[in-house]
Amino acid sequence: MTGGPKPPDVIAEFYDRHPYPPPRRDLDDYRERWRDPDLRKAEHHLHFPGTPFRDNPDVLIAGCGTSQAAQHALRWPQGKVIGIDVSNTSLQHTADLKKRYDLDNLEIHHLPIERVAELGKRFDLVVSTGVIHHLADPDAGLQALSGVLNRNGAIHLMVYARYGRHGIRLLQEYGRLLGIDPTEAEDLGRTVAQIPPDHPLAPLLRQSADFRNPDALADALLNPREHVYSVRELLDLLGRSGLTFGRWYKQAQYLPHCGFPTKTPHRRRLLDLSVSEQYAAIELIRGSMLRHTVIAHRADTELGNDRSGLNGDAWRDVVPIQLPHTIEVIEGAPPGAAAVLINQSHTYTDLIIPITEPERAVYQRIDGARTIADTGALARTNPPDLRRLYQRLWWYDQVTFDTSVS
Ligand SMILES: C[S@@+](CC[C@H](N)C(=O)[O-])C[C@H]1O[C@@H](n2cnc3c(N)ncnc32)[C@H](O)[C@@H]1O
């Protein structure tokens, strides 16, 4: 571990006492899961559209916490990973994992994001999840990260959302009013367990295991500093940082083409909006987004705009790759459908796609090597409209595409 002096910052002090996420000693399952080359391929093509798969990215984990940098070092054994953080406790947990898993490809530094240029390096992928919104000056932090990105690099950024955190904000305000200290998180946890079922925090308590761990509860409810972002505010933040929006990591929940917004009387009016206005409108109508996870690029990137590759003439030659967490469910499929496709990482239950039997035959031929044309080749009776099917699979986070081969 190397690095400069610790900045006198409430946040560093907070995470020294309450490291997040709750430390893990065992990453065996994680390592096993990421041995699957298709997972790494899918990640690559989500982040670097139009480029051939590479297994050896230079990765920066900015604000790595207790385990994220070690996880990425396991995920990309041929790559190089650097983790930086301002919390010594978190870095120590990362150092323990580095030793335990013999991670020669992982370097860690005690260094604030704002000073990341001091590493003297550039990265293909910068991952910063749950960090920027805690900085005194998020713009300065994101500008610093944008400054160390390779020309065709990608930043994977997660920030807190503005509107879905109402229940959390009530409890944060309650904590301030009573002067609750982060060391009292366990008592706060016992109080929170008693809140009425119609409190705006209640759905989150049911969904999130985080609220059962005192450090995680402190992170969510007693954090000394956080900013929140609506879709518009996030897109503006990217623009001010020399970045351009690439895609939502999971996009279906933002799109007027997916789920319940397609059934409202406003369907056509939503589609008449600009794409960024569509995202903003859907955030308002869904109302409960807690965070936004976005993939962004340098404003001067050479990566193309057609992320799916379905808009060009060569769309039949594109190779579809199934995304993780996707499953096909046959039981209970609606009338006329042979199955429904679900991405289990979605939090909204309306984001499912019914598919017909011929569509299912195409879907089942996706293997990460066949082109779109190949997946449709056997469908002789009622051949589905392939382009339309793949457009839907793309919107609903079922597939990504390798367009570098077309
Ligand atoms: C909520 S945790 C997220 C950890 C990790 N990114 C993850 O998703 O698992 C936030 C982390 O950001 C770190 N952090 C906060 N401000 C920072 C800064 N200015 N520079 C680097 N790290 C920072 C904290 O110490 C903490 O470990």
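All residue numbers refer to positions counted from 1 along the written sequence of the respective chain. For a predicted model such as this one, the threshold for reporting local features is a pLDDT of at least 70, and the threshold for listing and counting side-chain atom pairs is 80 or more; totals across whole chains, interfaces and linings nevertheless cover every residue.

1. Concerning the domain arrangement of the protein chain
By a frequent convention, interface size equals the accessible area lost on bringing the separate parts together.
Then comes step 1: Domain annotation of the protein chain identifies domain 1 (2-162 + 228-298), domain 2 (166-221) and domain 3 (315-402).
Then comes step 2: For the domain bounds, the source is a domain assignment made automatically or taken from a database. If you average the C-alpha positions of domain 2 and of domain 3, the two centres end up 40 Å apart.

2. So, the packing of helix 8 (residues 185-192) against helix 10 (residues 214-221)
Then comes step 1: In this description, a line fitted to the C-alpha atoms serves as the axis of each element, helices being fitted only across the stretch in contact, and the angle between N-to-C directions of two axes falls anywhere from 0 to 180 degrees. Counting from the N terminus, the helices are the DSSP runs of H or I reaching at least four residues and the strands are the DSSP runs of E reaching at least two. Where helix 8 contacts helix 10, the two axes come as close as 9 Å, and the packing angle between them is 80°. Considered as vectors, helix 8 and helix 10 are oriented roughly perpendicular to each other. Taking contact as the criterion, the partners of Ala-185, Glu-186, Leu-188 and Gly-189 in helix 8 are, on helix 10, Pro-214, Leu-217, Ala-218 and Leu-221.
Then comes step 2: Basically, the charged four are Asp, Glu, Lys and Arg, the nonpolar ten are Ala, Val, Leu, Ile, Met, Phe, Trp, Tyr, Cys and Pro, and anything else, Gly included, counts as polar. A class-by-class count of the residues in the contact of helix 8 with helix 10 yields six nonpolar, one polar and one charged. If an angle is under 35 degrees, it is roughly parallel; if it is over 145, roughly antiparallel; if it lies from 65 to 115, roughly perpendicular; otherwise it is oblique. C-beta atoms are placed from the backbone for every residue, and two residues are taken to be in contact when these atoms lie within 7 Å.

3. Let's talk about the environment of Pro-320
Then comes step 1: Structurally, the position occupied by Pro-320 is in strand 9 (residues 319-322).
Then comes step 2: Between the C-alpha atom of Pro-320 and that of Thr-371, which follows or precedes it by 51 residues, the distance is 6.6 Å.
Then comes step 3: Those residues in contact with Pro-320, other than ones at most four positions away along the chain, are Ile-366, Ile-372, Thr-375, Tyr-390, Val-399 and Phe-401.

4. Re the sheet that holds strand 11 (residues 339-343)
Then comes step 1: DSSP bridges decide pairing: two strands pair if at least two such bridges lie between them. Strands sit in the order 10-11-12 across an open sheet of three strands; the sheet is antiparallel. With partners counted over all chains shown, the strands left at the sheet margins are strand 10 (326-329) and strand 12 (352-355), one partner each. For this sheet, the mean angle separating the axes of adjacent strands, direction not counted, is 25°.
Then comes step 2: The sheet contact formed by strand 11 and strand 12 spans four bridges and is antiparallel. Paired with Val-340 across the strands is Pro-354, a residue of strand 12.

5. Considering the site of the ligand
Then comes step 1: In the vicinity of the ligand lie 23 residues, with Tyr-15, Gly-63, Gly-65, Ser-87 and Gly-130 positioned nearest.
Then comes step 2: Mapped onto the shell around the ligand, the elements with two or more residues apiece are helix 1 (10-17) and strand 3 (80-85).
Then comes step 3: Take the shell around the ligand: its biggest share by element is three residues, from helix 1.
Then comes step 4: Counted by class, the shell around the ligand contains 12 nonpolar, eight polar and three charged residues. The criterion for a residue being near a molecule or strand is simple: its C-beta atom, placed using the backbone, must lie within 6 Å of it.

6. A few points about the packing of helix 11 (residues 231-240) against helix 13 (residues 275-286)
The relative placement of two packed helices is expressed as an angle between their axes plus a distance between the axes.
Then comes step 1: Their axes nearest at 8 Å, the elements helix 11 and helix 13 cross at an angle of 140°. It follows that helix 11 is oblique to helix 13 by the angle criterion. Between helix 11 and helix 13, the residues in contact are Val-231, Arg-232 and Leu-235 and Ser-276, Tyr-279, Ala-280 and Glu-283, respectively.
Then comes step 2: In terms of residue class, the contact of helix 11 with helix 13 is made up of four nonpolar, one polar and two charged.

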